[in-house]
Amino acid sequence: MLDIKITKTTEPKQKPAADQPLGFGKIFTDHMFIMNYTEGQGWHDPRIVPFQNISLSPAAMVYHYGQEMFEGLKAYKSENDEVYLFRPDMNAKRTNVTNDRLCIPNIPEEDFVQAVKAVVDIDRDWIPTAPGTSLYVRPFIIATDEFLGVAPSHTYMFMIILAPSGAYYSSGLAPVGIWIEDEYVRAVRGGMGFAKTGGNYAASLIGQVKAHNEDYSQVLWLDGVERKYIEEVGSMNIFFKIDGKVVTPALNGSILPGITRNSTIQLCKSWGYDVEERKISVDELVEAQKNGKLEEVFGTGTAAVISPVGKLRYVDDVMLINNGEIGELSQKLYDTMTGIQYGKLDDPFGWRVSV
Ligand code: COI
């Protein structure tokens, strides 16, 4: 159990108006959580302080070799003003999976969840309530040794910042167009594609720029060896409904094990769908679309929730999905997932955690 020291701001910021468009990750609350790590001492000095800039040596290792990790979850406010997190224990577990890969010391899962709850609680009045909005929670760890040698750092900072946010994609629930990248790759087997670390996202930017230049909003990555099998979108996992079955790429080490992905699989199975986690080649998709069997495509992610895909482009093939409209399963998943998250529906899996 952490003994968190709390220093409240004396200059609270103006909160966004109820009807103000929030965007995603642009506005930050009054407070943040910080905890330091020093080799030999472990994690120490957990504290909540006013949201502020931090000061680091320009030689801090994170700036040079990218030893860092991050997580993403959301806090939701119900119609009765209750505050919920969604499966924060999964974020705590994944933090340590990422930490192991990046040689960052583990954080006890219960400390991670306690810290999230504590900082969300302090800034609970910042949780927006307009439809589709929530408080995006961004825990992250950076390597802080002042040293230019390539080695794991001996000191770290763990921080949690909070951003009242709307939909991740400006189009909201309207289906997005996705570019299947056939030149660059995001991750390779044995690499760190399964870990939530900045380097994976840095590697994805060039594909995103390429996709934007072609008027597509996101990139679908193929495997790093044969550039043949579907992996993930980068900001979300991907699902296909093919001939009545729900199909998603199996976790193979280069795909992020999404919490919304896991929840989607559980929901679909509970509704009686056959769910297949397996390799899916891009050729299989093109074929299924030609035969009229590619019924729906959607992404899943904490930020993106359930994001229908209306169009896929692979080299010269442009695949229109479900006439560019949101599919029945995508809509049902969105309604059920958000219904559970905002406390509007029963929570049969015990996913909601009160703050
Ligand atoms: C999330 O969905 O929380 C993520 O971390 C994706 C991020 C790139 C916005």
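Residues numbered from 1 in each chain as written. Predicted model: local features only at pLDDT ≥ 70, side-chain atom pairs only at ≥ 80, totals over all residues. Heavy atoms only, no water.

What about the pairing of strand S16 (residues 317-320)?
Side-chain positions along a regular strand alternate between the two faces of the sheet.
For step 1, the next point in the chain: Examined bridge by bridge, strand S15 (residues 305-314) and S16 share 4 bridges and lie antiparallel to one another. Counterpart to Lys311 in the pairing with S16 is Leu320.
For step 2, the next point in the chain: Linking S15 back to S16 in an antiparallel pair, the connection comprises 2 residues, with Val315 at a positive phi of about 50°. (Pairing = 2+ DSSP bridges. Helix = DSSP H or I, 4+ residues; strand = E, 2+ residues; numbered from the N terminus.)

Re helix H5 (residues 259-270)
For step 1, the next point in the chain: Between its first and last C-alpha atoms H5 spans 17 Å; for 12 residues at 1.5 Å apiece the expected length is 16 Å, and the two agree.
For step 2, the next point in the chain: Taken together, the buried positions of H5 are Ile259, Thr260, Arg261, Ser263, Thr264, Ile265, Leu267 and Cys268.
For step 3, the next point in the chain: Looking one or two residues beyond H5, the residue adopting positive phi is Gly272, at roughly 90°. (Expected span 1.5 Å × (residues − 1). Buried < 20%, exposed > 50% of the residue type's maximum accessible area, 1.4 Å probe, protein only.)

What about the packing of aromatic side chains?
For step 1, the next point in the chain: Applying the stated rule across the entire model yields 14 aromatic pairs.
For step 2, the next point in the chain: When the centroid spacing of 4.8 Å and the interplanar angle of 65° are considered together, the rings of Phe24 and Tyr136 count as edge-to-face. Remark: Tyr136 occurs in strand S7 (residues 134-143) and Phe24 occurs in the loop between strand S1 (5-6) and strand S2 (31-38); sequence separation between them is 112 residues.
For step 3, the next point in the chain: A relative accessible area of 7% means that Tyr136 is categorised as buried.
For step 4, the next point in the chain: Arranged with centres 6.3 Å apart and planes meeting at 70°, the rings of Trp43 and Phe158 form a pair that is edge-to-face. Residue Trp43 is located in strand S3 (residues 42-50), and its partner Phe158 is located in strand S8 (residues 155-165); the two are separated by 115 residues in the primary sequence. Exposure class is identical for Trp43 and Phe158. Each is buried.
For step 5, the next point in the chain: Each member of the aromatic cluster is reached from another via a ring pair, and the members are Phe33, Tyr37, Trp43, Phe112, Tyr156 and Phe158. (Phe/Tyr/Trp six-rings, centres within 6.5 Å; stacked < 30°, edge-to-face > 60°.)

Here's the deal with the nonpolar core
For step 1, the next point in the chain: Of all hydrophobic cores here, the largest spans 35 residues; its most connected members are Phe33, Trp43, Val116, Val120, Ile141, Phe158 and Ile160.
For step 2, the next point in the chain: Among the elements that make up this core, the one with the highest residue count is helix H3 (residues 109-122) (7 residues).
For step 3, the next point in the chain: Non-local contacts of Trp43, meaning those with residues more than four positions away in its chain, are made with Met35, Asn36, Tyr37, Pro105, Asn106, Ile107, Ile141, Tyr156, Met157 and Phe158.
For step 4, the next point in the chain: Core analysis: the next-biggest nonpolar cluster, separate from the first, contains 26 residues, Ile238, Val282, Ala288 and Val297 among them. (Core = buried A, V, L, I, M, F, W, Y, C linked by side-chain atoms within 4.5 Å. Contact = heavy atoms within 4.5 Å.)

Examining the domain arrangement of the protein
Reports often express the size of an interface as the amount of accessible area lost when the parts come together.
For step 1, the next point in the chain: You can read the domains of the protein as domain 1 (5-165) and domain 2 (176-341).
For step 2, the next point in the chain: Inter-centroid distance (C-alpha atoms) of domain 1 to domain 2 is 27 Å.
For step 3, the next point in the chain: Listed per partner, the contact involves 22 residues of domain 1 and 23 residues of domain 2.
For step 4, the next point in the chain: Contact with domain 2 buries surface across domain 1, with Phe86, Arg94 and Arg101 losing the most and accounting together for 34% of the total.
For step 5, the next point in the chain: For the interface between domain 1 and domain 2, the tally reads 0 salt bridges. (Domains from an automatic or database assignment. Buried area = accessible area lost by both parts, 1.4 Å probe. Salt bridge = Lys/Arg side-chain N within 4 Å of Asp/Glu carboxyl O.)

A short note on the site of the ligand
For step 1, the next point in the chain: Near the ligand you find Phe70, Gly72, Tyr136, Arg138, Tyr168, Lys196, Tyr201, Thr302 and Ala303, and these make up its full shell.
For step 2, the next point in the chain: One nitrogen or oxygen atom from the side chain of Tyr136 is found 2.6 Å from an oxygen atom belonging to the ligand.
For step 3, the next point in the chain: Contact with the protein chains covers 91% of the free accessible surface of the ligand, which is 280 Å².
For step 4, the next point in the chain: Partitioned by chemical class, the residues of the shell around the ligand number 5 nonpolar, 2 polar and 2 charged.
For step 5, the next point in the chain: Residue contributions to the shell around the ligand reach at least three from each of two domains, namely domain 1 (5-165) and domain 2 (176-341). (Near = heavy atom within 4 Å. Polar contact = N/O pair within 3.5 Å; in protein donor to acceptor, adjacent residues only side chain to side chain. Areas by Shrake-Rupley, 256 points an atom, 1.4 Å probe, with all protein chains shown as cover. Nonpolar A, V, L, I, M, F, W, Y, C, P; charged D, E, K, R; others polar.)

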